[in-house]
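A look at the structure
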Amino acid sequence: MHYNKVICVGRNYAAHAAELNNPVPSEPILFMKPATALVPFEEPINLTNLGDNVHYEIELAVLLGKTIKNADAVTASNAIDGIGLALDLTLRDVQQTLKDKGLPWEIAKGFDGSCPISAFVPVDNLNLAKLHFSLEINGQLRQQGHSANMLTPIVELIEYASRHFTLCAGDILITGTPAGVGPLQPGDTLKANFMNGLLAVETKVI
Ligand code: ZN
């Protein structure tokens, strides 16, 4: 499938909101990355020209297979084509400066290569309330997420997003990061895992 825009959710896990000293939102916080942000997960992350505070955020990614608008729960659920893993790479210093000024943080989030994306596994045999995933860096567990801990669950996120934007076949929703984010260093090796190896992807930082 040809990938399209990436819709992202901020602060969808309470523990991550807390680690960045952000309040838990009362409704989803959405922002977008353009299709040019997408790169294969395995492509090395090149920090050149990105500054020295590029944060990793591992997230569950949802691929949409249908075009929907104002979707109800059934329509939203039926539009899911697959589940994968994404990194929401973030220029944390740039984002903080923009947030402090009350400005949109797009340039900290939407730059070329800011969304490494894995393959997608079919959703058919998956329970959306029981999806778990993790990120190891240099052999150390850094992030662990479970969809049961999302403040807004996947189908409700799709419903909500579809009330604001038409969601197209090929759009990807990345569903927020659990706690444990931090800066990448040249030489780091990242291993991401979904459902005990149903999906396993890795990349390195140069
Ligand atoms: Zn994120």
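I will try to describe carefully the structure that is included in this document. (Residues numbered from 1 in each chain as written. Predicted model: local features only at pLDDT ≥ 70, side-chain atom pairs only at ≥ 80, totals over all residues. Heavy atoms only, no water.)

On to the coordination of the zinc ion. Surrounding the zinc ion are the protein donor atoms Glu57 (OE), Glu59 (OE) and Asp88 (OD), which sit 1.9 to 2.1 Å from the metal. Mapped onto the sequence, the residues coordinating the zinc ion show the spacing E-x1-E-x28-D. Of this pair, Glu57 sits in the loop between strand E4 (54-56) and strand E5 (58-64) while Asp88 is found in the loop between strand E6 (80-87) and strand E7 (90-91), placing the two residues 31 residues apart along the sequence. (Donors = N, O, S within 2.8 Å, 3.2 Å for Na, K, Ca; no water. Helix = DSSP H or I, 4+ residues; strand = E, 2+ residues; numbered from the N terminus.)

Another point: unusual backbone geometry. For Arg11, which is not glycine, the phi torsion reads 50 degrees and is therefore positive. You can see Arg11 is positioned in the loop between strand E1 (6-10) and helix H1 (14-19). Of the residues examined, Arg11 reaches a relative accessible area of 18% and is grouped as buried. The backbone phi angle of Asn21 is positive, close to 55 degrees, even though this residue is not glycine. Checked against the element boundaries, Asn21 lands in the loop between H1 and strand E2 (29-33). (Buried < 20%, exposed > 50% of the residue type's maximum accessible area, 1.4 Å probe, protein only.)

Here we come to the sheet that holds strand E10 (residues 132-137). As summarised here, the arrangement of the four strands in space is E11-E10-E14-E15, forming an open sheet in which the pairing is antiparallel. The outermost strands of the open sheet, each flanked by one partner alone, are strand E11 (140-146) and strand E15 (199-204). On average, each strand axis in the sheet is tilted by 15 degrees relative to the strand beside it, whichever way the strands run. For E10 and E11, the ladder comprises six bridges, and the chain directions are antiparallel. Bridged to His132 within E11 is His146. (Pairing = 2+ DSSP bridges. Axes fitted to C-alpha atoms, helices over the stretch in contact; angles between N-to-C directions.)

Let us look at the packing of aromatic side chains. All told, the structure shown has two aromatic pairs when counted by the stated rule. Relative to Phe120, the ring of Tyr3 lies with its centre 5.8 Å away and its plane at 70 degrees, an arrangement referred to as edge-to-face. Here the residue Tyr3 occupies a position in the segment before E1, and Phe120 occupies one in the loop between strand E8 (115-117) and strand E9 (121-122), the gap between them amounting to 117 residues. For Tyr3, a relative accessible area of 27% corresponds to the partly exposed category. Of the residues examined, Phe120 reaches a relative accessible area of 18% and is grouped as buried. (Phe/Tyr/Trp six-rings, centres within 6.5 Å; stacked < 30°, edge-to-face > 60°.)

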